[in-house]
Amino acid sequence: MIHLGLTGYPLSHSLSPTLHKAALSAIGLQGEYRLYPVAPGDMDSLADLARRIRNGKIDGLNVTIPHKQIIISLLDELTPSAEAIGAVNTLYMRDGRLIGHNTDAPGFLADVKEFLRNTGIQKNALVLGAGGAARAVAYALLQDGWKLNMAVRQTDFNQAQALKESFGAQAGSGGIKVVLLETENLGRLGGGVNLIVNATPIGMFPETDYSAWPEGLPFPEGCAVYDLVYNPPETRLVREARAAGRRATTGLGMLVEQAGRSFTCWTGREVARGVLFDAVEEV
Ligand code: NAP
């Protein structure tokens, strides 16, 4: 019997239990995937969860908003990608040490490659937002040789500058360009951009009437749009990009890919992605 779970807050809409229960069932492994809601700032409860992983009561834990960064102080070691990104979403024990790993970055990269397969587009991306998911996306794109631009709101400018500094060496001579998320700036950047990634929560249920892309601003010619938000199944951003003839997707594929990778960390077993897609599509 394997004991898996997820901590974060709030957790009531999480699809992770559905994904991991389907994965357990697909490989015929007895186990559970429990939710451990922990309110923001409750370090005692996070420390208690860390203790339960150390003493074997929990075998594997996913971490989501708002604890992906703060929980790092309770761990023994980070994998190199988690260290670079500065956020973890997957915890497990190895050789007596509590390890933090990040499967969002490889999960995003796997899905975006599938999404762009055979398009032959140039690697020039614009990422909206500078939070934990934006860091994972930026890391993944730079690893894959993309040129990177970021658009953030004013309150996020320092966070974006910090990201620029930590990933600067990886970005090569072109560097990372950061602008404010405003119509004029995006219009100016637009021409060269081939992929827009929304890494803000704008448009997420229940606030589904909003889009991270400014109203009335045309999408750049030939540009694809990847929205990390996956609830609702078609966000306003994705709907409008498709209506404008652009290739567009939500982040459901990334969710599936990151879950599959976490599951493999804990069990050593691969699960067919089709099994996971079928499970969430049913929901
Ligand atoms: P986060 O750490 O809270 O970061 C959110 C970012 O968006 C911050 O930079 C925030 O700015 C910015 N933002 C929020 N509202 C904004 C607005 N109205 N205008 C401009 N910027 C705004 O959250 P996260 O972990 O990065 O997650 C971001 C989104 O990605 C969430 O919807 C999450 O569900 C989704 N996600 C999806 C997957 C997947 O597998 N598909 C994986 C991870 C995350 P401030 O700092 O100023 O608030």
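Please read all numbers here as calculations on a predicted model, not as lab measurements.

**Focus on the packing of aromatic side chains**
Within the structure shown, the criterion is met by 4 aromatic pairs. Ring centres of F115 and Y226 lie 5.9 Å apart, and the angle between their planes is 75°; this geometry places the pair in the edge-to-face category. Taken as a pair, F115 in helix 4 (residues 104–116) and Y226 in strand 11 (residues 224–227) lie far apart in primary sequence, 111 residues in all. We note that F115, like Y226, is buried.

**Brief notes about the nonpolar core**
Residues F108, V127, L141, L195 and Y226 are the most contacted members of the largest nonpolar core, which totals 36 residues. Listing elements by their share of this core, those giving two or more residues are helix 4, strand 7 (124–128), helix 5 (132–143), strand 8 (147–152), helix 6 (157–171), strand 9 (176–180), strand 10 (195–198) and strand 11. Sort the elements by how many residues they give to this core and helix 5 lands first, with 8 residues. Leaving out residues up to four positions away in the same chain, L141 has contacts with F108, A125, V127, W146, L148 and L195. Core analysis: the next-biggest nonpolar cluster, separate from the first, contains 22 residues, L6, L24, W266 and V280 among them.

**A closer look at the site of the ligand**
Neighbouring the ligand are 23 residues; A133, R153, T155, D156 and G251 lie closest to it. A distance of 3.2 Å separates an oxygen atom of the ligand from a polar backbone atom of L255. Starting from 920 Å² of accessible surface for the ligand in isolation, the protein chains cover 78%. If you list the elements that add at least two residues to the shell around the ligand, you get helix 5 and helix 9 (252–267). Counting the residues that make up the shell around the ligand, at least three belong to each of domain 1 (2–102 + 255–282) and domain 2 (105–250).

**Overview of the sheet that holds strand 10**
In spatial order, the strands read 9-8-7-10-11-12; together these 6 strands make up an open sheet with parallel pairing. Each edge of the sheet is formed by a strand with only one pairing partner; in this case those strands are strand 9 and strand 12 (248–249). Along the sheet, helix 7 (residues 183–190) makes contact with strand 7, strand 8 and strand 9, crossing strand 9 at roughly 145°.

**Quick word on the environment of V280**
Checked against the element boundaries, V280 lands in helix 10 (residues 273–282). Overall, V280 belongs to the buried group, its relative accessible area being 7%. Residues V280 and N185, spaced 95 residues apart in sequence, show a C-alpha to C-alpha distance of 37 Å. Discounting chain neighbours no more than four positions away, the residues touching V280 are L15, T18, L19, L252 and V256.

**Concerning helix 2 (residues 43–54)**
Over its 12 residues, helix 2 runs 16 Å from end to end, which matches the ideal 16 Å to within 8%, given 1.5 Å per residue. Within helix 2 the residues assigned to the buried category are L46, L49, A50 and I53. The buried side chains of helix 2 occupy one side of the element, clustering within an arc of 100° when seen end-on. Residues of helix 2 that are buried make contact with strand 1 (2–8), strand 2 (31–37), strand 3 (60–63), strand 5 (90–94) and strand 6 (97–101).

**With respect to the sheet that holds strand 5**
The 6 strands lie next to each other as 2-1-3-5-6-4, forming an open sheet whose pairing is mixed. Only two strands of the sheet have a single partner each, and these edge strands are strand 2 and strand 4 (77–78). Two strands pair when backbone bridges link them, and strand 1 and strand 2 are joined in this way by 7 bridges, in the parallel orientation. Note that in strand 2 the partner of G8 across the bridge is P37. Each of strand 1, strand 2 and strand 3 touches helix 1 (residues 16–27); the most contacted strand, strand 2, lies at about 165° to it. Where helix 9 meets the sheet, it contacts strand 1, strand 2, strand 3, strand 5 and strand 6, and its direction lies at approximately 15° from that of strand 5.

**Structural notes on the pairing of strand 5**
In the sheet, strand 3 pairs with strand 5 via 3 bridges, with the strands oriented antiparallel. Note on strand 5: the bridge partner recorded for G60 is Y92. Of the pairings in the sheet, the one linking strand 5 to strand 6 comprises 5 bridges and is antiparallel in character. When the sheet's bridge partners are listed, M93 is paired in strand 6 with L98. The turn linking strand 5 back onto strand 6 is made up of 2 residues, and D95 within it adopts a positive phi angle of 50°.

About the cut-offs
- Residues numbered from 1 in each chain as written.
- Predicted model: local features only at pLDDT ≥ 70, side-chain atom pairs only at ≥ 80, totals over all residues.
- Heavy atoms only, no water.
- Phe/Tyr/Trp six-rings, centres within 6.5 Å; stacked < 30°, edge-to-face > 60°.
- Helix = DSSP H or I, 4+ residues; strand = E, 2+ residues; numbered from the N terminus.
- Buried < 20%, exposed > 50% of the residue type's maximum accessible area, 1.4 Å probe, protein only.
- Core = buried A, V, L, I, M, F, W, Y, C linked by side-chain atoms within 4.5 Å.
- Contact = heavy atoms within 4.5 Å.
- Near = heavy atom within 4 Å.
- Polar contact = N/O pair within 3.5 Å; in protein donor to acceptor, adjacent residues only side chain to side chain.
- Areas by Shrake-Rupley, 256 points an atom, 1.4 Å probe, with all protein chains shown as cover.
- Domains from an automatic or database assignment.
- Pairing = 2+ DSSP bridges.
- Axes fitted to C-alpha atoms, helices over the stretch in contact; angles between N-to-C directions.
- Expected span 1.5 Å × (residues − 1).
- Arc of directions from axis to C-beta.

Any functional reading would require information that these geometric values do not contain.
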